[in-house]
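# Architecture at a glance
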Amino acid sequence: MTSFTIQEVARRSGLSEPTLRYYEDVGLVGPIGRDESSGHRRYRSTDVDTLEALACLRAAGVSIEDMRTYLANRSRGREAAAEQRDLLLRHAERIEAEIAAQRVRLAYLRGKAELWDARDRGDEAAEADAIRRLVPVVGELR
C-alpha cells in the first residue's frame, strides 16, 4: 500500500501542513494512520484524493461546514446528487455576487481616475462627463 508523508501531501494538495492537521482535528479527513516507528502521519491515496477535493473547495471559498456536507454527500453518491448540486450552486451564486461587487468597485476606481486625469489636464468638459458617469456608480457602491 502506498502512503504519503505530510510534506508530500502538502505539496500535492497545496494545503499547508498546519491546515492538514487542522482538517484531521475537525474530522474532515482521517483519522490519519501513523508510522509505527516514528509516529508521523502516513496518508493513504484515498486521504490524498479527499484532501485534493477539499483544497479545491477551500480555494473556492467553501466553509468548513459546507466541506463537511460535501464529503457526506460525496459518500452517499447518486442519492445525494441534487443536494450536492444545490450546495455548489449556492457557492457559485455567492461568487457571482462578489464578482458583481468587484466590478462596481473597479468602475468606481476607473471613473475617479478619469475624473482626476481630466482635472490634471484642465479639461472641464471631460471632468463634468466623468462626474456624470460616476454618479450612478457611487449609488451602486452603497
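Quick caveat: nothing in here was measured; it's all calculated off a predicted structure.

## Notes on the pattern of salt bridges
All told, the structure shown has 15 salt bridges when counted by the stated rule. Of the charged contacts in the structure, one is a salt bridge between arginine 41 and glutamate 24, with a shortest N-O distance of 2.6 Å. One end of the pair, arginine 41, is in strand S3 (residues 41-44); the other, glutamate 24, is in helix H2 (residues 17-25), and 17 residues separate them in sequence. When its relative accessible area of 15% is taken as the criterion, glutamate 24 is described as buried. Notably, a salt bridge pairs glutamate 65 with arginine 68, separated by 3.1 Å at the nearest N-O pair. With glutamate 65 and arginine 68 both in helix H4 (residues 64-76) and three residues apart, the pair spans about one turn of that helix. For glutamate 65, a relative accessible area of 48% puts it in the partly exposed group. For arginine 68, a relative accessible area of 31% translates into the label partly exposed. Overlapping salt bridges bring together Glu114, Asp129, Arg132 and Arg133 as one network.

## Describing the packing of aromatic side chains
Counted by the stated rule, this structure contains one aromatic pair. Measuring from ring centre to ring centre gives 6.2 Å for tyrosine 22 and tyrosine 23, while their planes differ by 50°; the resulting arrangement is tilted. Note on tyrosine 22: relative accessible area 42%, which makes it partly exposed. Note that arginine 12 overlies the ring of phenylalanine 4, its terminal NZ or CZ placed 4.9 Å from the centroid. If you follow arginine 119 out to its NZ or CZ, it ends over the ring of tryptophan 116, 4.6 Å from the centre.

Cut-off values and rules
Residues numbered from 1 in each chain as written. Predicted model: local features only at pLDDT ≥ 70, side-chain atom pairs only at ≥ 80, totals over all residues. Heavy atoms only, no water. Salt bridge = Lys/Arg side-chain N within 4 Å of Asp/Glu carboxyl O. Helix = DSSP H or I, 4+ residues; strand = E, 2+ residues; numbered from the N terminus. Buried < 20%, exposed > 50% of the residue type's maximum accessible area, 1.4 Å probe, protein only. Phe/Tyr/Trp six-rings, centres within 6.5 Å; stacked < 30°, edge-to-face > 60°. Lys NZ or Arg CZ within 6 Å of the ring centre and 35° of its normal.

Keep in mind that these numbers describe shape and distance, not what the molecule does.
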